[in-house]
Amino acid sequence: MKKKIAVLGSTGSVGTQTLKCCKRLGYEVSVLAANQNVGLLEQQVRKFSPRSVVISNKSAYREMKRRLADTGVQLLAGMDGLCEAAAFPENDIVVNSLVGMVGLRPTLAALEAKKNVALANKETMVAGGALVTGLAKKNHVKILPVDSEHSAIFQCLCCGQRDAVKKVLLTCSGGPFLGKTASELEKVTTEQALCHPNWSMGQKITVDSATLMNKGLEFIEAMWLFSLQPEQIEIVVHPQSIIHSAVEFQDGAVIAQLGLPDMQIPIQYALTWPDRYPIKGESLSLTDCGKLTFIEPDYRAFACLRHCRRAADKGGLYPCAVNSANEQAVSLFLAGKIGFGDIGRSVGYVLDGLHCKEEDTYTLTEVLDTAETARQMVLEYCKTSPE
Ligand code: MG
């Protein structure tokens, strides 16, 4: 079956690889959406001829309009445009690879329109997991994980009944600063943080991988995607990124999913599920891999991971608060305004200082308000911190 795919966040790392998958599979692209990379977006429009294009940064609208003048493609803008395009009736799957919790409303719009969502935008699940999973359940639509670890868990879960699951082993590469102490991490530069050993990704997720915030977000994402309690998820540092995660069943059988660290595999599986299609490329050679190693994460050195674990235990809107605190802190770090250690301190400051609802019965307005308050708190904290 030739599916029609809407790609939100088409110019990013997951977005461009999604388009490669679409091309290989012969799937049509119904929507392309990007924040502001007008040059690449234009190239994609000419190659994939979607029905609509969304430029989410409104200041880039005029430039995009000029570039697409000869194409006849519908151009939408901003958050309203993203939500409108996510809900188009012809979409079979909406791939959400937007960065940050701006992805939440388009995800909800897609689910509201009864569209399956291939989710790479983990912040959506962290900030509004109850809304997202509740709506998917109500409308009988699927959330297909694109994140490599969650795709692995999703695949491993096929091997047993849901009530036979004992726990999930969420693997973590450890990022570029594996083994560093908290005081060594203070001296890390932006350039060092942007250099990941195994995966090539956008700036925000690369910094999140360096602080291990990414693993903390993935922990919460896994809770929502697979209805797990925090004590059912164990994070295991596995620097080779060959085992993408595993599931232990009640009988002691542990099923793991392995593969080379290549995002094409989880992206394509989300698009073709439950079918599998060939991808040309290298096969995994276990003998070439040599030794696979596993260690416990260092919660002391990696404050963001510790804070996410605490937020996961607290529940309610605490995960939303830590996520937005991190989004704000990372943008300050990338702008050179705060140090690497300040990211974790900012997240901790919000977690300790902001009183949030602890029930999972929140509304979208409450999510957006919490997010905004958390951002403001980080801006104030970073202004007054003695750094
Ligand atoms: Mg991941």
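Analysis parameters
Residues numbered from 1 in each chain as written. Predicted model: local features only at pLDDT ≥ 70, side-chain atom pairs only at ≥ 80, totals over all residues. Heavy atoms only, no water. Disulfide = S-S within 2.5 Å. Buried < 20%, exposed > 50% of the residue type's maximum accessible area, 1.4 Å probe, protein only. Helix = DSSP H or I, 4+ residues; strand = E, 2+ residues; numbered from the N terminus. Expected span 1.5 Å × (residues − 1). Donors = N, O, S within 2.8 Å, 3.2 Å for Na, K, Ca; no water. Phe/Tyr/Trp six-rings, centres within 6.5 Å; stacked < 30°, edge-to-face > 60°. Lys NZ or Arg CZ within 6 Å of the ring centre and 35° of its normal.

Participant: Report on the state of the cysteines, specifying residues and quantitative values.
Facilitator: Disulfide: a covalent bond formed between the sulfur atoms of two cysteine residues. Applying the stated criterion to the full structure yields 0 disulfides. Free cysteine Cys-158: the closest other cysteine sulfur is in Cys-159, separated by 6.6 Å. A relative accessible area of 56% means that Cys-158 is categorised as exposed. Just so you know, Cys-289 is unpaired, no disulfide at all, and the nearest cysteine sulfur is the one on Cys-156, 17 Å from it. Exposure remark for Cys-289: the relative accessible area of 22% places this residue in the partly exposed category.

Participant: Just give me the short version of helix H15 (residues 318-334), but keep the residues and values in it.
Facilitator: In an α-helix, one turn spans 3.6 residues, which is why side chains three or four residues apart end up on the same side. Helix length check: H15, at 17 residues, gives a terminal C-alpha distance of 24 Å against a target of 24 Å (1.5 Å per residue), a fit within 8%. Burial within H15 is extensive, with 15 of its 17 residues counted as buried. Immediately beyond the C-terminal end of H15, within one or two residues, lies Gly-336, with a positive phi of roughly 75°.

Participant: Explain the coordination of the magnesium ion residue by residue, including any values.
Facilitator: In a perfect tetrahedron of four donors around a metal, the angles come out at 109.5 degrees. In a perfect octahedron of six, they are 90 or 180 degrees. The protein atoms donating to the magnesium ion are Asp-147 (OD), Glu-149 (OE) and Glu-218 (OE), with metal-donor distances spanning 2.1 to 2.2 Å. Each donor residue of the magnesium ion lies on one chain, and together they are spaced D-x1-E-x68-E. Taken as a pair, Asp-147 in the loop between strand S7 (143-145) and helix H7 (148-156) and Glu-218 in helix H11 (residues 213-225) lie far apart in primary sequence, 71 residues in all.

Participant: Can you explain the packing of aromatic side chains? Please cite residues and give values.
Facilitator: Overall, the coordinates contain 5 aromatic pairs when judged by the stated rule. A ring pair is formed by Phe-154 and Trp-273, whose centres lie 6.0 Å apart and whose planes are at 50°; its orientation type is tilted. Note that Phe-154 is positioned in helix H7 and Trp-273 in the loop between helix H12 (264-272) and helix H13 (286-289), a separation of 119 residues in sequence. Judged by relative accessible area, Trp-273 falls into the partly exposed class, the value being 27%. Judged by centre distance (5.4 Å) and plane angle (85°), the ring pair of Phe-177 and Phe-340 falls under edge-to-face. Of this pair, Phe-177 sits in the loop between strand S8 (165-172) and helix H8 (182-185) while Phe-340 sits in helix H16 (residues 340-353), placing them 163 residues apart in sequence. Across the pair, exposure class does not vary: Phe-177 and Phe-340 are buried alike. Taken together, Phe-154, Tyr-269 and Trp-273 form an aromatic cluster joined through their ring pairs. Sitting over the face of the ring of Phe-88, Arg-51 holds its NZ or CZ atom 3.8 Å from the ring centroid.

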